[in-house]
Amino acid sequence: MMTAPSEEPEMSDTYRIVRSTVTDDGMVRIAIDTEPMPEPGPDEVVVAVEAAPINPSDLGMLIAGADPESFASVDGALVGTLSPAAMAMNAARVGQPMPCGNEGAGTVVAAGSSPVAQAMLGATVSGVSGSMYASHTKLSHVMCIPVPGGIAAADAASSFVNPLTALGMTETMRLEGHSAIVHTAAASNLGQMLNRLCQAEGIPLVNVVRRNEQADLLRAAGAEHVVVSSADSFADDLTVAITATGATLAFDAIGGGEQVDTLLASMEKASSAGQAFSRYGSDTHKQVYIYGGLDRSATTLRRTYGMSWGVGGWLLTPFLGRVGFERMAELQARVAAEITTTFASGYADTISLDDMLDPVVAKAYSAQATGEKRLVTP
């Protein structure tokens, strides 16, 4: 466990914040601005940020799809070159300095007038603000999780996105009538959380990874079904694992290429085994949700799996809207109780706000490589 800061964060008249701007000449510019300290509304708090992870979901806003090989330092800012496709995706934000950093943790140093906000004053909380790459951030008390005593902000920094996503996957499974899950990029921090969660709840899980050492990592953590996508036998291994678990639901972090097609084809083989031939395939509905974009190329679907299937997008925010505030609060409470066990995160390195503007450091945190996540400690 990372140690807590030795001193309480102090309030000042100004704060520092990272902002990303897409320019009309096809560049992204990431810089640190100094602004007047934010004032909390009645139901808001101001948090002195002590730790904030760089998740894949943060990189879209932060680097806007820039080529990491193009990163350079210009007048104290980090700049990168955008492809025409990236410019098209970011057309609506050209010229607008955007804050970055979905989640993090720190100490509440100012609070609004409402009793619930005042009760958080001085407490360590994790939260979601969309502007966590900063020395301070303002957010609603609803988006805060009080951190149990003795747990450092660095250990609680990843309390929202990955833990609630893992819980959201198992909740979606139940809501939609499935009984097992397939998950790709399964050696990630999120994948390891999902593995622990499924073991605790007795949910069969098929873990798909790219490399043998990632498979070894998950098997050492108790995973029963692990398949390696780079193996020549991948499709057959996947079908065997899906047959063993009965999985008809997959969450795919890759997005592009043939992975979704392979998942659906293996599900169809497993569900139609032993049945009479039908030109329409099995009656078992097979669902793949794309929740990440590690591969930005087109998604290839050969449609060799009958007619009972679906492919869609899955995001945490719409899921939380679907289950409602009361259930979200229950899930948050579970995360808080298990933040150093089921929902623990690991980081390759810690970096400062200034480090984020270093081209070498930026290239590393932009790689999205398993086991290479960075933690920003403003």
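In what follows, the structure referred to is the one given above.
All residue numbers refer to positions counted from 1 along the written sequence of the respective chain. Restriction of local features to residues with pLDDT of at least 70 applies here, the model being predicted, together with a cutoff of 80 or more for giving and counting side-chain atom pairs; totals for whole chains, interfaces and linings are based on all residues. Calculation of side-chain values draws on the structure's entire complement of heavy atoms; hydrogens and water are dropped beforehand.

### Focus on the overall build of the protein
Next, step 1: Across its full length, the protein holds twelve helices and 20 strands.
Next, step 2: Against the 2.2 N^0.38 benchmark of 21 Å for 378 residues, the protein shows a C-alpha radius of gyration of 22 Å, consistent with a compact globule.
Next, step 3: Here the C-alpha coordinates of the protein stretch approximately 75 × 45 × 35 Å along the principal axes.
Next, step 4: Relative accessibility under 20% of the residue-type maximum defines a buried residue, over 50% an exposed one, and the middle range a partly exposed one, all with a 1.4 Å probe and only protein chains included. Looking at the protein as a whole, 51% of its 378 residues qualify as buried.
Next, step 5: Contacts between residues were defined by any pair of non-hydrogen atoms, one from each residue, lying within 4.5 Å. Sequence separation of at least 24 residues holds for 72% of the intrachain contacts in the protein that already meet a minimum separation of 6.
Next, step 6: One way to put it: in the protein the 22 positive side-chain charges average out to a point 8 Å from where the 41 negative ones average out. Helix and strand assignments follow DSSP, with helices taken as H or I runs no shorter than four residues and strands as E runs no shorter than two, numbered in order from the N terminus. Each radius of gyration is computed over the set of C-alpha atoms, and the globule rule expresses the reference value as 2.2 Å times the number of residues to the power 0.38. Under this rule, positive means Lys or Arg and negative means Asp or Glu; His and the chain ends count for nothing. Taken as the charge location is NZ of Lys, CZ of Arg, CG of Asp or CD of Glu.

### Considering the pattern of salt bridges
Next, step 1: Within this document, salt bridges are pairs made up of a side-chain nitrogen of Lys or Arg and a carboxyl oxygen of Asp or Glu, the two lying within 4 Å of each other. In total, this model carries 17 salt bridges according to the counting rule given.
Next, step 2: Note that Glu171 and Arg327 form a salt bridge whose closest N and O atoms lie 2.7 Å from each other. Of this pair, Glu171 sits in helix H5 (residues 161-175) while Arg327 sits in helix H11 (residues 325-337), and the two are 156 residues apart along the sequence.
Next, step 3: For Arg327, a relative accessible area of 29% puts it in the partly exposed group.

### Some remarks on the packing of aromatic side chains
Next, step 1: Whether two aromatic rings pair depends on their centres lying within 6.5 Å, for rings of Phe, Tyr and Trp, where Trp uses its six-membered ring; planes under 30 degrees apart make the pair stacked, over 60 edge-to-face, and the rest tilted. Evaluation of the coordinates by the stated rule reveals four aromatic pairs.
Next, step 2: When the centroid spacing of 5.4 Å and the interplanar angle of 90° are considered together, the rings of Tyr305 and Trp309 count as edge-to-face.
Next, step 3: Taken together through their ring pairs, the aromatic side chains of Phe251, Tyr289, Trp314 and Phe319 make up a single cluster.

### Some remarks on the sheet that holds strand S11 (residues 181-184)
Next, step 1: At least two bridges found by DSSP between two strands is the condition for calling them paired. Overall, parallel pairing links the six strands, which are arranged S13-S12-S11-S14-S16-S18 in an open sheet. Looking at the sheet topology across the chains shown, the edges are occupied by strand S13 (225-228) and strand S18 (309-313). In this sheet, neighbouring strand axes are inclined to one another by 15° on average, regardless of whether the strands run parallel or antiparallel.
Next, step 2: When strand S12 (residues 205-209) meets S13, the two strands line up parallel, connected through four bridges. Along S13, the bridge assignment pairs Val208 with Val227. Only the stretch in contact is used when fitting a helix axis, every axis being a line fitted to C-alpha atoms; angles between N-to-C directions are given from 0 to 180 degrees.

### Quick notes on H5
Next, step 1: One fewer than the residue count of a helix, multiplied by 1.5 Å, yields its expected span. Between the first and last C-alpha of H5 there are 20 Å, a value that for 15 residues agrees with the 21 Å anticipated at 1.5 Å per step.
Next, step 2: Gly177 sits one or two positions beyond H5 and adopts a positive phi of about 80°.

### Here we look at the side chain of Glu268
Next, step 1: Mapped onto the elements, Glu268 comes out in helix H9 (residues 259-272).
Next, step 2: Any pair of nitrogen or oxygen atoms within 3.5 Å is treated as a polar contact; in protein, a donor-acceptor pairing is required on top of that, and neighbouring residues in sequence qualify only through side-chain atoms on both sides. A distance of 2.9 Å separates the side chain of Glu268 from the side chain of Ser282, its partner in a polar contact.
Next, step 3: Dropping the residues within four chain positions of it, Glu268 is found in contact with Gly281, Ser282, Lys286 and Tyr305.

### Things to note about the environment of Leu194
Next, step 1: In this structure, Leu194 sits in helix H6 (residues 189-201).
Next, step 2: Given a relative accessible area of 0%, Leu194 falls into the buried group.
Next, step 3: In contact with Leu194, not counting residues within four places along its chain, are Ala166, Met169, Thr170, His183 and Leu205.

### Notes on the sheet that holds strand S2 (residues 27-36)
Next, step 1: The five strands are arranged S4-S5-S2-S1-S6 in an open sheet whose pairing can be described as antiparallel. Each of the sheet's edge strands pairs with one partner strand only, and the pair in question is strand S4 (72-74) and strand S6 (98-99).
Next, step 2: Of the strand pairs in this sheet, strand S1 (residues 14-23) and S6 are connected by two bridges, and their pairing is antiparallel. By the bridge assignment, Arg19 is partnered in S6 with Pro99.
Next, step 3: Against the sheet, helix H1 (residues 56-63) engages S1, S2 and S6, with an angle of about 95° to S2.

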